[in-house]
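Okay, here's what each chain looks like letter by letter:
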Amino acid sequence: MTAALVQSILNRYLQKYLKNVKTEQAALWGGELVFKNVELRLDVLQEELGLPIVFTRGFVQELKVYLPLANLLRENIKITLSNIEVISQTPTQWDTAKQSPEKTPSGDDGGSTKAGTPTKGGSARTMATPGEGEQEGQQGWVRTMLQKITSNISVEINNVVIKYITEQYTSSFSWKSLSVTPTNSSWIPAFAEAEGPHKSCFKVVSLRDATWCLDANDSHGRVAFFEPPLFNRENVTLRLLLRGHPDALGGGLPAAHVHIDMGKVVLSASDKQLQMVAMLAGELTSMIARIKKKKRGGGAA
């Protein structure tokens, strides 16, 4: 059962977003898994974020996963990603690309029936069989364990560069360290149970040495002169109180209370950078409008 829990967690959080990460044998030897030179699944990233931009590169130099197999219900699984580069650009043919046939969801080819659906009016089983209640109870227990384990996963993402490239400018956001740490209600790192009727859980998000650069591109699409950063090596800490604990298997977002702790932030921008900020703000507004239009169109369909 422990092996099955670990396999489910790894498949959800690693194989979904990363290429060539083989976790089938992970639960057999446990300890610390190390993967080198892993590529992000750009199509999944594109679909999950739903942003009208095109991801052209996603690379992780090192991925470490610590698995406390002997103590899964008392000790955090720790995922560490280091030296990451993500590059996106203006969608030159975004609308055309979106008109291409959409991928068929896994397990649903339009004519076949999803595994697990025949129990309702299907021919596979039309009446309860002995032991069915026990199986449902066991599935509920597994779901509860998964919720507890996944809500206590600790994540650290180090040395990241995220670039957005247009014809006019390149925006680059980087940081040295970003950590998401589960805590108890006193904000002390812990393997904690969800609390109260709303199943509240607590997390501390710490961002260290965050830097934002904005530079003009030349006619060849390259940065000819690097401007000083708009802000450089700033630190931010967030305390998150999440109410209505999300289903670890079914997704869904909880209500959140956020406390932001940060010192004095020094911002500086040249006249050229202010123009690029205005262009970026315009593009963000356009992106939001496209997303809303897409959602309205999807809802009407």
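Just so it is clear, the structure is predicted and the values come from calculations on it, not from any experiment.

> Quick one: what's the story with the overall build of the protein, residue by residue and with numbers?
Of regular secondary structure, the protein possesses six helices and eight strands. N-terminal to C-terminal, the α/β element order of the protein is α-α-β-α-β-β-α-α-β-β-β-β-β-α. When the 301 residues of the protein are sorted by exposure, 33% land in the buried category. Restricting the contact set of the protein to residue pairs at least 6 apart, pairs at least 24 apart contribute 63%. Here the protein has roughly 18700 Å² of accessible surface; of this, 55% comes from carbon and sulfur atoms.

> Can you break down the pattern of salt bridges residue by residue, with the values?
All chains considered together, the criterion is met by seven salt bridges. Notably, a salt bridge pairs Lys-16 with Glu-48, separated by 3.1 Å at the nearest N-O pair. Placement of Lys-16 in the loop between helix H1 (2-15) and helix H2 (26-29) and of Glu-48 in helix H3 (residues 42-49) is noted, with a sequence separation of 32 residues between them. Judged by its relative accessible area of 35%, Lys-16 is partly exposed. In this structure, Arg-233 and Asp-209 form a salt bridge, with 3.4 Å as the shortest nitrogen-oxygen distance.

> Got a sec to walk through the nonpolar core? Specific residues and values, please.
Counting 45 residues, the largest nonpolar core has Leu-18, Leu-63, Val-65 and Ile-77 as its most contacted members. For this core, the element with the most residues is strand E6 (residues 201-216), which contributes six residues. Every residue in contact with Leu-18, bar those within four places of it in the chain, is listed here: Val-38, Glu-39, Leu-40, Arg-41, Val-60 and Leu-63.

> Just give me the short version of the pairing of strand E3 (residues 78-89), but keep the residues and values in it.
Note that strand E2 (residues 54-67) and E3 share 11 bridges and pair antiparallel. Paired with Val-65 across the two strands is Ile-79, which belongs to E3.

> For the sheet that holds strand E1 (residues 31-39), give the residues involved together with the corresponding values.
Pairing between the strands of a sheet is mediated by backbone hydrogen bonds and can be parallel or antiparallel. Pairing within the open sheet is mixed, and its eight strands lie in the order E1-E2-E3-E4-E5-E6-E7-E8. Looking at which strands have only one partner, the edges of the open sheet turn out to be E1 and strand E8 (255-262). Strand-to-strand twist in this sheet, taken as the mean axis angle between neighbours without regard to direction, amounts to 15°. Pairing between E6 and strand E7 (residues 231-243): nine bridges, direction antiparallel. By the bridge assignment for E7, Lys-203 is matched with Leu-240.

> Which residues make up the environment of Cys-201, and what values do they have?
Turning to its location among the elements, Cys-201 is positioned in strand E6. Sequence separation of Cys-201 and Thr-183 is 18 residues, and the distance between their C-alpha atoms is 7.8 Å.

> Quick rundown of a nonpolar patch on the surface? Include the residues and the values.
Residues Val-258, Ile-260, Met-262, Val-265 and Leu-267 make up a contiguous nonpolar surface patch of about 460 Å² in total accessible area. In this fold, Leu-267 is placed in the loop between E8 and helix H6 (271-300).

> If you had to explain unusual backbone geometry to someone new, which residues and values would you point to?
For Asn-37, which is not glycine, the phi torsion reads 55° and is therefore positive. The residue Asn-37 is located in strand E1 in this model. A positive phi angle, near 55°, is found at Asp-209, a position not held by glycine. Along the chain, Asp-209 turns up in strand E6. Exposure remark for Asp-209: the relative accessible area of 18% places this residue in the buried category.

> Summarise the packing of aromatic side chains; cite the residues concerned and give the values.
Where two aromatic rings form a pair, the distance of their centres and the angle of their planes describe that pair. As enumerated under the stated definition, the model contains five aromatic pairs in all. Between Phe-173 and Phe-231 the ring centres are 6.2 Å apart and the planes differ by 75°, which places this aromatic pair in the edge-to-face class. Of this pair, Phe-173 sits in strand E5 (residues 169-183) while Phe-231 sits in strand E7, and the two are 58 residues apart along the sequence. Since its relative accessible area comes to 26%, Phe-173 is described here as partly exposed. Ring geometry for Trp-187 and Phe-202: centres 5.4 Å apart, planes at 90°, overall edge-to-face. Highlighted residues: Trp-187 in the loop between E5 and E6 and Phe-202 in strand E6, separated in sequence by 15 residues. Three or more aromatic residues link up through ring pairs in this structure, and these residues are Phe-173, Trp-175, Trp-212 and Phe-231.

> Residues and numbers for the side chain of Thr-211, please.
Tracing the backbone through its elements, the reader meets Thr-211 in strand E6. A distance of 3.0 Å separates a polar atom in the side chain of Thr-211 from the backbone nitrogen of Arg-233.

> How would you sum up the environment of Met-262? Please name residues and give values.
Here Met-262 shows up in strand E8. Between the C-alpha atoms of Met-262 and Leu-238, which are 24 residues apart in sequence, the distance is 8.7 Å. When residues no more than four places from it in sequence are discounted, the contact partners of Met-262 are Asn-235 and Val-236.

Quick notes on the rules
- Residues numbered from 1 in each chain as written.
- Predicted model: local features only at pLDDT ≥ 70, side-chain atom pairs only at ≥ 80, totals over all residues.
- Heavy atoms only, no water.
- Helix = DSSP H or I, 4+ residues; strand = E, 2+ residues; numbered from the N terminus.
- Buried < 20%, exposed > 50% of the residue type's maximum accessible area, 1.4 Å probe, protein only.
- Contact = heavy atoms within 4.5 Å.
- Areas by Shrake-Rupley, 256 points an atom, 1.4 Å probe, with all protein chains shown as cover.
- Salt bridge = Lys/Arg side-chain N within 4 Å of Asp/Glu carboxyl O.
- Core = buried A, V, L, I, M, F, W, Y, C linked by side-chain atoms within 4.5 Å.
- Pairing = 2+ DSSP bridges.
- Axes fitted to C-alpha atoms, helices over the stretch in contact; angles between N-to-C directions.
- Patch = residues over 30% accessible without salt bridge, like charges linked within 9 Å, V, L, I, M, F, W, Y side chains within 5 Å.
- Phe/Tyr/Trp six-rings, centres within 6.5 Å; stacked < 30°, edge-to-face > 60°.
- Polar contact = N/O pair within 3.5 Å; in protein donor to acceptor, adjacent residues only side chain to side chain.

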